[in-house]
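Here's the letter readout for the chains.
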Amino acid sequence: MLVAVREHIPTRAAELFASGQDDTQVAKQLRVSVRSVRRWRRTWRDGGDQSLRSKGPARGRQPAPS
């Protein structure tokens, strides 16, 4: 469930960008860092809404086998 919420945040940010809100306002509304918002805005500007959609599971260290 938490993953679904996290994936929704950049999509919501795109809606706020389109409405003309600045990075600080978006960060405050979404309760994220301005740095994240700036990264999302750059991605959105270069690739549109589709570019902010999830591309699958996060990359990183794989969990150790049990």
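Our structure's up above, just so we're on the same page.
Cut-offs applied
Residues numbered from 1 in each chain as written. Predicted model: local features only at pLDDT ≥ 70, side-chain atom pairs only at ≥ 80, totals over all residues. Heavy atoms only, no water. Core = buried A, V, L, I, M, F, W, Y, C linked by side-chain atoms within 4.5 Å. Buried < 20%, exposed > 50% of the residue type's maximum accessible area, 1.4 Å probe, protein only. Helix = DSSP H or I, 4+ residues; strand = E, 2+ residues; numbered from the N terminus. Contact = heavy atoms within 4.5 Å. Axes fitted to C-alpha atoms, helices over the stretch in contact; angles between N-to-C directions. Left-handed = near helix turned anticlockwise from the far one by under 90°. Nonpolar A, V, L, I, M, F, W, Y, C, P; charged D, E, K, R; others polar.

J.: Please give an account of the nonpolar core that cites residues and values.
T.: Membership of the largest hydrophobic core is limited to eleven residues, which are Ile9, Ala13, Ala14, Leu16, Phe17, Val26, Ala27, Leu30, Val37, Trp40 and Leu52. Elements supplying a minimum of two residues to this core: α1 (2-18), α2 (23-30) and α3 (34-47). Once residues lying within four places of it in the same chain are set aside, the contact partners of Val37 are Phe17, Asp23, Val26, Ala27 and Val32.

J.: Quick one: what's the story with the packing of α2 against α3, residue by residue and with numbers?
T.: In contact at an axis separation of 9 Å, α2 and α3 are set at 115 degrees when each is read in the N-to-C sense. The crossing of α2 and α3 is right-handed. Packed against α2, whose contacting residues are Asp23, Thr24, Val26, Ala27 and Leu30, the element α3 presents Val34, Val37, Arg38, Trp40 and Arg41 at the interface. In the contact of α2 with α3, the residues fall into six nonpolar, one polar and three charged.

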